[in-house]
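Okay, here's what each chain looks like letter by letter:
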Amino acid sequence: MYGNHSTQPARKPVTLRRLAKMKAEGEKIACLTAYDASFAQVVDAAGTDLVLVGDSLGMVIQGHATTVPVTMDDMVYHTRCVAQGLSTTFLVADMPFLSYSDPVRAVDNAGRLMQAGAAMVKLEGAAGQAEVISAMAGQDIPVCAHLGLRPQSVHKAGGFRVQGREDTAAAAMQADARALVEAGADLLLLECVPRDLAERITREAPVPVIGIGAGPGVDGQILVLYDMLGIPPGPKPRFVRDFMADADDVPAAIAAYVQAVKSGDYPAPEHGFE
Ligand SMILES: Nc1nc(=O)c2c([nH]1)NC[C@@H]1CN(c3ccc(C(=O)N[C@@H](CCC(=O)O)C(=O)O)cc3)CN21
Ligand SMILES: CC(C)C(=O)C(=O)O
Ligand SMILES: [Mg+2]
């Protein structure tokens, strides 16, 4: 089997407890998306702490303009594929659009993702999702709440835009973060949020906070795998850094990303929003 020639010492499986310990000790959590077993193997071997099977697959795998067309069957299929490629990385799967519109549906659908190999599910939500999160928590399903830019709301929001810039929006996001942790969220993810707001939410949150376009003051970083490998043509979101540019091959680029997150070298000021 190739992929098994690593000289790294064997690593214990990453768990929720381990992620909480990393927050407490200030070790940055390095996260990436993956959608298939081959990339999952490379991401795992690079020492990535957490892999997300993102509904961004609707854009990077399926070629849609948004994540809205992604179905539960799509997410289950890709979660199974990624689970095959991992040995120790913590596996999170996105709940797609409308798959968590009420607590019963949410628990049923989260159960499908857990049985496909996820250790946690992620949903996009504000305080309105507290009931859904508490139903999942009641079934011991680990949950990540995704706040800030919520791509599934693109048609309501009128585009992919930075969130929480005004004082009232910032205060509302802080209140949402509190409410969702109170409801049972085990992890928070902040997307495209001004760095000061992200830092305030992270300081206050008793659970780890992962950021994308949220500055350096969070507990960990995530990027879409294809973005950090420089694959999508055309303009890219500001938070993206192309790690292939200075790497000899894909495993080296992914290892450089993990290293840059751990050392605090990524994200730099130009990757965030004031
Ligand atoms: N390939 C890919 N990468 C992603 O990061 C990603 C996806 N797909 N699909 C789902 C969501 C959508 N995402 C996006 C998409 C666009 C922007 C964007 O254009 N951002 C502007 C900011 C606009 C503003 O200032 O309000 C930027 O310059 O970064 C951000 C996040 C993040 N996620
Ligand atoms: C961008 C990340 C956070 C995500 O939700 C996805 O890949 O779907
Ligand atoms: Mg997503």
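Model, not experiment: these values are computed from the prediction.

Draft legend 1. Summary view of the UniProt feature "active site" (unreviewed entry) in the chain. The UniProt entry lists Glu-191 under the feature "active site" (unreviewed entry), expressed in the numbering used here. On the secondary structure map, Glu-191 appears in strand S6 (residues 187-191). Excluding residues that lie within four positions of it along the chain, Glu-191 makes contacts with His-146, Leu-147, Gly-148, Leu-149, Pro-151 and Ile-212. Polar side-chain contacts of Glu-191 include one of 2.9 Å to the side chain of His-146.

Draft legend 2. Quick look at the site of ligand 2. Lining the immediate environment of ligand 2, one finds Thr-33, Leu-52, Gly-54, Asp-55, Ser-56, Asp-94, Lys-122, His-146, Leu-189, Ile-212 and Val-224. Within the side chain of Asp-55, one N or O atom sits 2.8 Å away from an oxygen atom of ligand 2. Note that an oxygen atom of ligand 2 is positioned 2.8 Å from one of the side-chain N or O atoms of Lys-122. Among the residues making up the shell around ligand 2, the classes are represented as four nonpolar, four polar and three charged.

Draft legend 3. Structural context of the site of ligand 1. The environment of ligand 1 is made up of 18 residues, and the closest members are Met-59, Val-162, Glu-191, Asp-227 and Arg-238. For ligand 1, a nitrogen atom lies 3.3 Å from a polar atom in the side chain of Glu-191. A total of 670 Å² of accessible area belongs to ligand 1 in isolation, and the protein chains cover 75% of it. Tallied by class, residues from the shell around ligand 1 come to twelve nonpolar, two polar and four charged.

Draft legend 4. Focus on the pairing of strand S1 (residues 29-33). Across the five residues of S1, five count as buried, placing the element largely inside the fold. Going residue by residue along S1, you find Ile-29, Cys-31 and Thr-33 tucked away on one face and Ala-30 and Leu-32 tucked away on the opposite face as well. Taken together, the four bridges between S1 and strand S8 (residues 220-223) define a ladder with parallel strand orientation. Looking at S8, one finds that Ile-29 is bridged to Gly-220. Here S1 runs beside strand S2 (residues 50-53); their pairing, made up of three bridges, is parallel. Each bridged residue has a counterpart across the sheet, and for Leu-32 the counterpart in S2 is Val-51.

Draft legend 5. Geometry of the packing of aromatic side chains. Across all of its chains, the model carries five aromatic pairs by this definition. Look at Tyr-35 and Tyr-226: their rings are 5.8 Å apart centre to centre, the planes differ by 80°, and that puts the pair in the edge-to-face class. Taken as a pair, Tyr-35 in the loop between S1 and helix H2 (37-45) and Tyr-226 in helix H10 (residues 225-228) lie far apart in primary sequence, 191 residues in all. Ring geometry for Phe-39 and Tyr-226: centres 5.8 Å apart, planes at 50°, overall tilted. With a gap of 187 residues between them, Phe-39 in helix H2 and Tyr-226 in helix H10 connect regions that are remote in the sequence. Here the two residues Phe-39 and Tyr-226 agree in accessibility, since each one is buried. Here a set of aromatic residues connected by ring pairs shows up, and it is made of Tyr-35, Phe-39 and Tyr-226.

Scoring rules and cut-offs
- In this convention, every chain numbers its residues from 1, walking through the sequence in written order.
- Naming scheme: in the order in which they are written, chains are lettered from A and ligands are numbered from 1.
- Local features in this predicted model are restricted to residues whose pLDDT is 70 or higher, and side-chain atom pairs enter the listing and the counts only when it is 80 or higher, whereas totals over whole chains, interfaces and linings include all residues.
- Side-chain numbers here rest on the full set of heavy atoms in the structure, without hydrogens or water.
- UniProt positions are given in the numbering used here, feature names are shortened, and annotations may be inferred rather than shown by experiment.
- Secondary structure follows DSSP: runs of H or I at least 4 residues long count as helices, runs of E at least 2 residues long count as strands, and numbering of each begins at the N terminus.
- Any two residues whose heavy atoms approach within 4.5 Å are treated as being in contact.
- Polar contact is the term for a pair of N or O atoms within 3.5 Å; when the atoms are in protein, one must be able to donate a hydrogen and the other to accept it, and sequence-neighboring residues count only if both atoms are side-chain atoms.
- Throughout, the term near means that a residue has one or more heavy atoms lying within 4 Å of the molecule or strand in question.
- Residues were grouped as follows: Ala, Val, Leu, Ile, Met, Phe, Trp, Tyr, Cys and Pro as nonpolar; Asp, Glu, Lys and Arg as charged; and all remaining residues, including Gly, as polar.
- Areas reported as accessible are Shrake-Rupley estimates using a 1.4 Å probe. Residue values count occlusion only from the protein chains shown.
- Burial classification: accessible surface area is computed with a 1.4 Å probe over protein chains only, and a residue below 20% of its type maximum counts as buried, one above 50% as exposed, and the rest as partly exposed.
- Two strands are said to pair when DSSP picks up at least two bridges between them.
- Side-chain rings of Phe, Tyr and Trp, where Trp is taken by its six-membered ring, are said to pair if the distance between their centres is within 6.5 Å; with planes under 30 degrees apart they count as stacked, over 60 as edge-to-face, and otherwise as tilted.

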